[in-house]
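Per-entry structural report
Read off the chains here:
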Amino acid sequence: MNSGTSKAFDGRVLSIAKLRVGQEAYQLSGVAQSLDDYYTGAGEASGQWAGIGAERLGMSGEVAADDLRAVLAGMAPGTGGLTPNGETIRPHPRRVPGFDLTFKAPKSVSVLYAVTDDPRVQGAIIDAGEVAVRAALGWLEREAAHVRRGNGDAAYINDLAARDPEAADAARIRTLPATGLVAAMFRHRTSRAGDPLLHWHTLVANLAEGPDGRWTAIVHPDIYHAVRAAGEVFQTVLRDELSTTLGLTWRPGRHVPEVAGVPQGLLDMFSKRSKEIEDWLEATGTPGDRAGRQAAVLATRRAKPEVESERFDTAWKAEATAYGWGPEHAETLMSSLGHPTAAPLVVDDAWVGRIARDLTEHDATFDRYDLVQVVAFRLETGASMRTIERTVAAVLASPLVVPVGDKHGRWTSSELLDIERRLLTTASSSVGTRNRVDEVVVASALAGFPTIGTDQHAAVMVLAGSTDAVSVLVGPAGTGKTFTLDAVRAAYEHAGYQVIGVAPSARAAHELEQGAHIPSVTMHRLLGSWERGFDLPNPSTVLVVDESAMAGTRELEAVVARAV
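Everything numeric here is computed off the predicted structure, so don't read it as measured data. All chains use their own residue numbering, which begins from 1 and follows the written sequence. Where totals are concerned, whole chains, interfaces and linings use all residues; where local detail is concerned, this predicted model gives features only for residues with pLDDT of at least 70, and gives and counts side-chain atom pairs only at 80 or more. Computation of side-chain values covers all heavy atoms of the structure but excludes hydrogens and water.

1. Concerning the overall build of the protein chain
- We count a stretch as a helix when DSSP gives it H or I for four or more residues in a row; a strand needs E for two or more, and each element gets its number in order from the N terminus. Within the protein chain, the regular secondary structure consists of 24 helices and 17 strands.
- Within the span of the protein chain, comprising 564 residues, buried residues form 46% of the whole.
- Note on areas: Shrake-Rupley with a 1.4 Å probe; residue coverage comes only from the protein chains shown. Carbon and sulfur atoms make up 53% of the accessible area of the protein chain, which totals about 27,600 Å². Each residue is assigned to one of three classes by its accessible area relative to the maximum for its type, calculated with a 1.4 Å probe on protein chains only: buried under 20%, partly exposed between the two thresholds, exposed over 50%.

Dropping the structure here:
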């Protein structure tokens, strides 16, 4: 995740989960049996087919239960149990039927949908969501829908290579683009806590057609890799549609931009499900990372409440009115909106530079999925799919973005390359610029470490005996680096140096201080103290940078340059 954008990349705008056999029954059973049922909350809208793969199988419009069950089982609908290749299905006990991609509208959009009395506003919101889901799904089809071909038998490939190298290359495992995805979209309006939450469960079958016309399973790691970018595409296209059709404007939100004019307090009141999850995390002491939040979701999940004999949104309107922002306030908001005037998007060097900085804040390189994710997020007022893709192309065409030659397609920024060059120049130009520690002093210090290993002893001798201003110690986990650094500290302190430490995280700094007895702080804190005018204690200071491989290149270069 990248600085300045991470708040939107936590899975709360699009989640993905593997389907279990028969899990589609939940979506099918929730479909309303009539229009009256739909408006009283007794059911949801019928599913709709989406994706080029569905078209290739002759499916469009409303989802029929038998057709959905067929494609999730790997069969072509209406064939009596045959695959799309015309073969008898060979079930595998661990086969994954498909994946549930859940696209979630911003809370303010769901609340506006729930509170307004204007069916035209509600209809425009639903239409915008449908457009956004299909746009995100189309992007996934173009960028992440792949099938695998080839033979994974190494012995067979090696034997074939000895006889026919070209045939062996053709037989190796490779990833190829699929024609498209087979997806069924189910629109829901409520959270499991009964709050307004517009979301689309999009069931993607684990079945796709390759360029050779053969249907096989999809390469699902690629879908997982691209899902965050797809979530941002959905959000950006949704904002664009609502800005165009309703004239909505946007303000910064906690996770994504929210509708300007809808009070944050009302959104909090209608976020009971989020509070349940946060309370569970706090009560159990579970970290709020992706895995922790998923555990909280499962632990607090319950059946959705159903409303009978009244409109589904009656209780929501009553709650909103009691809060102080009811249907009349929603009407006032809508009537105050003028015709939208989209500001022109200028993709200049400054804008590209900010995008590149975001992408390389914590990772040296990025791929196309990362780029689409950040570009879509930065288009805060919304944009069409065409605008997103044109902007991505403009960024890649900029000299500020540099390909790194990876066959999978990765890039970095020219700014980060300059910083790396400065770091290497600092290290190479400071060779032989300081005095080594006398071996007698080192030996005296090491006498206090009778259990030190041979390789650890050698490392201390090399580091203390170096005349370079920058030295590097590398060792796998569990080889005693911290113990070695404790001995290095003792050697330098015996020689009259002051030793201080720095690390990328507070935890790493604490472990360095406790394990190696080196007073330590985070890199962020050290750089901040330098900016405020404080410097290293004295010229005879040794700075130990622990876990340097985990540090950002910008921070590492700044620390090394100042210390040298």
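2. Describing the sheet that holds strand β12 (residues 366–367)
- The criterion for strand pairing is that DSSP finds at least two bridges linking the strands in question. Strand order across the open sheet formed by 3 strands is β12-β14-β13, with antiparallel pairing between neighbours. In the strand order of this sheet, the two ends are held by β12 and β13 (401–403), each with one partner.
- In the sheet, β12 pairs with strand β14 (residues 410–413) via 2 bridges, with the strands oriented antiparallel. What sits directly across from F366, in β14, is W411.

3. Side note on the environment of V499
- Tracing the backbone shows V499 in strand β15 (residues 498–503).
- Using a relative accessible area of 3% as the deciding quantity, one classes V499 as buried.
- Through-space distance from the C-alpha of V499 to that of T541 is 5.8 Å; in sequence the pair is 42 residues apart.
- Any pair of residues with heavy atoms lying within 4.5 Å of one another is described as a contacting pair. Those residues in contact with V499 that sit more than four places away from it in its chain are R489, Y492, E493, I518, P519, V542 and V544.

4. A closer look at the packing of aromatic side chains
- Here a pair means two rings of Phe, Tyr or Trp (six-membered ring of Trp) with centres within 6.5 Å. Their orientation is stacked below 30 degrees between planes, edge-to-face above 60, and tilted elsewhere. Under the criterion given, the structure shown has 7 aromatic pairs.
- Relative to Y369, the ring of W139 has its centre 5.9 Å away and its plane inclined at 75°; by these criteria the two rings are edge-to-face. Placement of the pair is W139 in helix α6 (residues 119–144) and Y369 in helix α16 (residues 368–378), with a sequence separation of 230 residues. In this pair, the class of W139 matches that of Y369, namely buried.
- On the numbers, 5.3 Å between centres and 90° between planes, the contact of Y492 with Y497 is edge-to-face.
- With a relative accessible area of 5%, Y492 lands in the buried category.
- Residue classification places Y497 among the partly exposed positions, given a relative accessible area of 24%.
- Three or more aromatic residues link up through ring pairs in this structure, and these residues are F103, W200 and F234.

5. Overview of the pattern of salt bridges
- Whenever Lys or Arg places a side-chain nitrogen within 4 Å of a carboxyl oxygen from Asp or Glu, that contact is recorded as a salt bridge. In the structure shown here, the tally under the stated rule is 22 salt bridges.
- Measuring nitrogen to oxygen at the nearest pair gives 3.4 Å for the salt bridge that ties R368 to E143. Of the two residues, R368 sits in helix α16 while E143 sits in helix α6, which places them 225 residues apart along the sequence.
- Given the relative accessible area of 28%, R368 is considered partly exposed.
- Judged by relative accessible area, which is 19%, E143 ranks as buried.

6. So, the pairing of β15
- For β15, the buried fraction is high: 5 of the 6 residues fall into the buried class.
- Bridge count between β15 and strand β16 (residues 520–522): 3 bridges; the pairing is parallel. Across the sheet, the residue bridging to A503 is T522, located in β16.
- The handedness of a crossover follows from its direction of travel: if, with the strands pointing away from the viewer, the path from the first strand over the helix to the second runs clockwise, the crossover is right-handed. Between the parallel elements β15 and β16, the chain passes through helix α22 (residues 506–516) in a crossover that is right-handed.

7. Regarding the sheet that holds strand β17 (residues 541–545)
- Across the sheet, which stays open at both edges, the 3 strands sit in the order β16-β15-β17 with parallel pairing between neighbours. Each end of this open sheet is capped by a strand with a single partner; those strands are β16 and β17. Taking each pair of neighbouring strands and ignoring which way they run, the sheet shows an average axis angle of 25°.
- Relative to β17, β15 runs parallel, the two sharing 5 bridges. Residue pairing in the sheet places Q498 in a bridge with T541 of β17. Simply put, an axis is a line fit to the C-alpha atoms, just over the touching stretch for a helix, and the angle between two N-to-C directions goes from 0 to 180 degrees.

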